[in-house]
Amino acid sequence: PTPAAPAGEGVDGVVLVFLDGEGLGEGIAARLRAAGRSVATVQPGGGFADLGGGAYAVRPGEAADYDALLAALPSEGREVGAILHLWSFGAPQPAPGAAPAGSAADRAFYSPLFLAQALERRRIDERRLDLWLVSSHLHDVSGGDSVVPERALLLGPGKVIPLELPGVVCHSLDLEAGGRLERTVDRLWAEVAAGSPEPVIAWRGRQRWLQSFEPVRLEEGGPAAPRLRPGGVYVITGGLGGVGHAIARWLARSAGARLVLIGRTALPPREEWDGLLARGGDGPLFRKLRRLRDLEEAGAEVLAVQADVTDPVGMVQVRALALERWGAVHGVIHAAGIPGGGVIARKDRIAADVVLAPKVQGTLTLAATFPPEELDLFVLCSSLNSVIGAYGQVDYCAANAFLDAFAGSRAGSAGLTVSIAWDAWTEAGMAVETAAPGARRLMDGLPVGAAVDHPLLDRRVPAGAGEHAFVTRLDAARHWVLDEHRIQGTPVLPGTAYLELARAAFEQSTGSAAAEIRQAAFVTPLAVPDGESRDVYTLLRRQGDAWSFRVASRLEAGGETRWQEHALGEIGPPAGSGAPVPSLRELLAELPVEPAAVDLGSSEVMSFGPRWRSLHRTAAADGRFLAELRFPGEFAAELEALGLHPAVLDRATGFSQWLGPAADGVYMPFSYAGLRIERPLPAELFSFIRTKQGSGEELHFEVVLFDPAGEVLVRIDDFAFRRVAARPNVPSRLEMVESAPPAPVPVAAGEGLTSADGVEAFRRILSGGDLPQVMVSVRDLTARLAEAAALTGERILAELDRAGAAAPAGPRHGRPDLATAYVAPRTEAESWLAEIWGDLLGIDAVGIHDDFFELGGDSVLSLRIVARARERGLALTPGRLFERPTIAGLAADLGAVAAEEPPAAQTAAPAAPAAETPRPPAEGSVYDPARFPDADVSQRDLEALLAQLGGL
């Protein structure tokens, strides 16, 4: 390649070169300078230092030094354009398995991690930035290459940084060290100058290698693996966890194994087990004791030991206990681990060390304690995460990549050393035991993002620039929010759950618990029949200082994927305190509450579970309502996790419809505007509701929630209900439920490994040759990698835009015969609105004075109008559309038309005869409503006119 565009074509800025100790960094830096690039070099040191001449020093494992490094660059007028990180290149230091991996981990993992954090804090745009993670001794390409497993920690940042830092492209490049330096510089220069798209590359001699994966068939064979010894002694770390127990149980049944099970927590004395098991339960201790008894019943002799797998002394003691009792150890199965979680931006060293230690230091400790020549097998339980990568899993991905590399480093040694990169186990394992109560992580081909500690959000999904995405699998069996909220017996997600989804996603994305939902509207109900489930996505997209949010679900039917939108709106920091509110003391004096006389537990249409039975006392007078609510004590712990508890908020904002104007019909929540969250909802609170519009097809209310001391918790400027049925003649099935397509039938296969399948895969791996690494995936891995890379929040939003909001309501037809004549759009904003109306109403020509509702618009279509207009930068709300149902009125109200701008010439529409329409006033004229009855005059127009009159 020519040196015209080194380090990424078209990329400007300084190239940061992290210098190795063998001269490769100096060589590539010289090439870059000769090509006209600005270069800064970084070397390990005892602290941050500006060494002069574009040279710096940092401590590899100290986050603050990377902030200082990047802060020093802009002072010289330079931004980072590319990074060559060479700190894992060179002779192995330390030797594999010889000592703790501290220094190597600092260079391979913490250095790129902290560098990524500093980049995220300081980058001013999202232009492409190439990060080259250059190594040696990372991959065994030829089958005899020496491997330094600690350097595989590079692969965690390499796979996850691109998911979390938009615009950053990572390349893993493994070069040979110790050869002719000039040739190695040539290899690096060729890759950097070309901006190679491949994520993992290795050079050996004159050959360039790319990483790929091939399927392998492992034959069924006999019931027990030939490597197993009858009555053999096997040490299993994490042996009382889900996966460890499943493997231990199979060893007991197939080989009568004697088992040493290592766990981190102590067990009670054996004489207490029977009593504890007799009490029952489902806690961790009960499960462990039950599993121990299960193994003994399967024929195993079991020795349960409390020990830390990272502690060399503790492991020596475990070995001594096994030798003392049975005289030998024949195999080690390392199934211990701690799930990762947390985005790079918030990952500190303590949290990452907790995840890395069991797999990295634990493996090294086990290898030193149980030499390979003494073992028939040494099995490392890795994860497909090491290959696929996952948002929020940088440490877990790196830890499992280490296991894979360690197994490769022992190829050819005595006995079998194999790393098994497992798919999720559906009945056991971390994916089950670390999920939120009643939920499990999705592993059916979707990208495995960071687990989220929230009852309604399972995990993150990779998203594009300025976006955040979350997913959960909802079903009535595991989520009370569905099970306890039913319409005609069908579980339907309450509207308040969408608000909590948006609030929780906003807090997870920004760290702020205080929020204001300025516009929230419910488009289509989410009905999930019993026995079925639905993948539900919550997506945030930045719009200025706020975020738009959308809640959508994914349907799989007939081999096709459909996206259905359920709620949309805008959320951001609180904009202000709003208008004054009455004091709770005054309200209680004016509206003395009495014990609630209305049973809101069920009706002909709706049925509610116990969490909705919180209405204690109520009062109603003159369109005002007051209620005291007391949330059932047995569920009080939920209030800590749910900032807007859906059941509490639903009852607090909706009780008035049962006491006021909605009592003669069935009304469903339709939209919220100006919902300001001041504090989380407590177990006891008061709700004050004032009627704004109390009759017709829609009801509008203002709501203020107080704590018992009178402090404001939540304020809602406008809460709207829409009429869906008359109460005396309730239909057999509500229209709104029928409008929701059925949830997909759960897929029996392809969602993960059952325990039986996992054990069978384990048995075949032990029987199938001496492969150092095997990946167990329930689906084609290549397709899975492609899907994981493709299904992002950005793609989901694009699919919704295409299939949802942009879809016309029906076939296009001509403009209907209206009282108003067709007037063509005059401005860009009016053209946008006309285009949106035409798309959604299915009309060929929409005039600026046509009434939205006369054209066939309704409340649901109005929400789509609002959503698409806001994406075009027009701050439209459902209320504005109801108040000003014409394009001209909306555009003027939004400030999109100049106050005295004369209209463009009228154009005849194809479907309506041209007609004379009075013109709005020309500049300088006085507005006469009798002369111009159809003219749209905004508040801004009137203020401008008054100013003119004042001047006269």
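Our structure's up above, just so we're on the same page.
Here the residue numbers are simple positions, counted from 1 along each chain's written sequence. Totals for whole chains, interfaces and linings use every residue, but because this is a predicted model, local features are given only for residues with pLDDT of at least 70 and side-chain atom pairs only at 80 or more, for both listing and counting. In computing side-chain properties, one takes all heavy atoms of the structure into account and sets aside hydrogens as well as water.

(A) Quick look at helix α2 (residues 63–72). The rule is simple: take the accessible area with a 1.4 Å probe, protein chains only, and divide by the maximum for that residue type; under 20% is buried, over 50% is exposed, in between is partly exposed. Under the DSSP-based scheme used, a helix requires at least four consecutive residues in state H or I and a strand at least two consecutive residues in state E, with every element numbered from the N terminus. When α2 is considered as a whole, its buried residues turn out to be Asp65, Tyr66, Leu69, Leu70 and Ala72. Looking down the long axis of α2, one finds its buried residues gathered within 155° of arc, a one-sided arrangement. Each C-beta atom gives one direction from the helix axis, and the arc is the one those directions make.

(B) A look at the sheet that holds strand β19 (residues 485–487). Being paired, for any two strands, means DSSP has found at least two bridges between them. An order of β20-β19-β26 is seen for the three strands of this open sheet, with the pairing classed as antiparallel. Edge strands, defined here as strands with exactly one partner in the open sheet, are β20 (490–491) and β26 (606–608). By the bridge criterion, two bridges tie β19 to β20 in an arrangement that is antiparallel. Within β20, the position partnered with Ile487 by the bridge is Thr490.

(C) Here's a closer look at the pairing of strand β15 (residues 416–422). Most of β15 is tucked away, with seven of its seven residues classed as buried. Of the two faces of β15, both are covered, the one formed by Leu416, Val418, Ile420 and Trp422 as well as the one formed by Thr417, Ser419 and Ala421. Sheet topology places strand β14 (residues 377–383) next to β15; seven bridges connect them, and they run parallel. Residue pairing in the sheet places Phe378 in a bridge with Thr417 of β15. Across four bridges, β15 lies against strand β33 (residues 773–776) in parallel orientation. Bridging from a neighbouring strand, Ile420 pairs with Val774 of β33.

(D) Molecular detail of the side chain of Ser509. When you line up the elements, Ser509 lands in helix α15 (residues 495–510). Given the relative accessible area of 15%, Ser509 is considered buried. Here the side chain of Ser509 touches Ala505 through a polar contact of 2.7 Å, landing on its backbone oxygen. The definition of a polar contact used here is a pair of N or O atoms within 3.5 Å, where within protein one atom must be able to donate a hydrogen and the other to accept one, and adjacent residues in sequence count solely through side-chain atom pairs.

(E) Up close: the pairing of strand β7 (residues 168–174). With respect to burial, β7 is a largely interior element, six of its seven residues being buried. Note that strand β6 (residues 129–135) and β7 share seven bridges and pair parallel. The partner of Leu129 across the bridge, within β7, is Val168. Orienting the strands away from the viewer, one traces the path from the first strand over the helix to the second; a clockwise path indicates a right-handed crossover. With helix α4 (residues 155–164) bridging β6 and its parallel neighbour β7, the resulting β-α-β unit is right-handed. As defined by bridge partners, β7 adjoins strand β8 (residues 200–204) across three bridges and the pair is classed as parallel. When the sheet's bridge partners are listed, Asp174 is paired in β8 with Ala202.

(F) Seen up close, the nonpolar core. In terms of nonpolar packing, the biggest core is built from 68 residues, with Leu16, Phe18, Ile83, Phe109, Leu153 and Val260 touching the most fellow members. Take this core: its biggest share by element is 10 residues, from helix α3 (residues 102–122). Ignoring sequence-local partners within four residues, the contact set of Phe18 consists of Val42, Tyr66, Leu69, Ile83, Leu84, His85, Leu86, Trp87, Ser111 and Leu115. Only buried residues count toward a nonpolar core, which is a set of Ala, Val, Leu, Ile, Met, Phe, Trp, Tyr and Cys residues joined through side-chain atoms within 4.5 Å. In this structure, Ile517, Ala520, Leu639 and Val714 belong to the second largest nonpolar core, which totals 66 residues. Two residues form a contact once any of their heavy atoms are found within 4.5 Å.

(G) Quick peek at unusual backbone geometry. Positive phi outside glycine occurs at His137, with the angle close to 60°. As for its placement among the helices and strands, His137 is situated in the loop between β6 and α4. Looking at His137, the relative accessible area reads 18%, which means it is buried. Notably, Asp622 is not glycine yet its phi reads approximately 55°, a positive angle. Turning to its location among the elements, Asp622 is positioned in the loop between β27 (615–621) and β28 (624–630).

It is worth stressing that arrangement in space is one thing and function is another; only the former is reported here.
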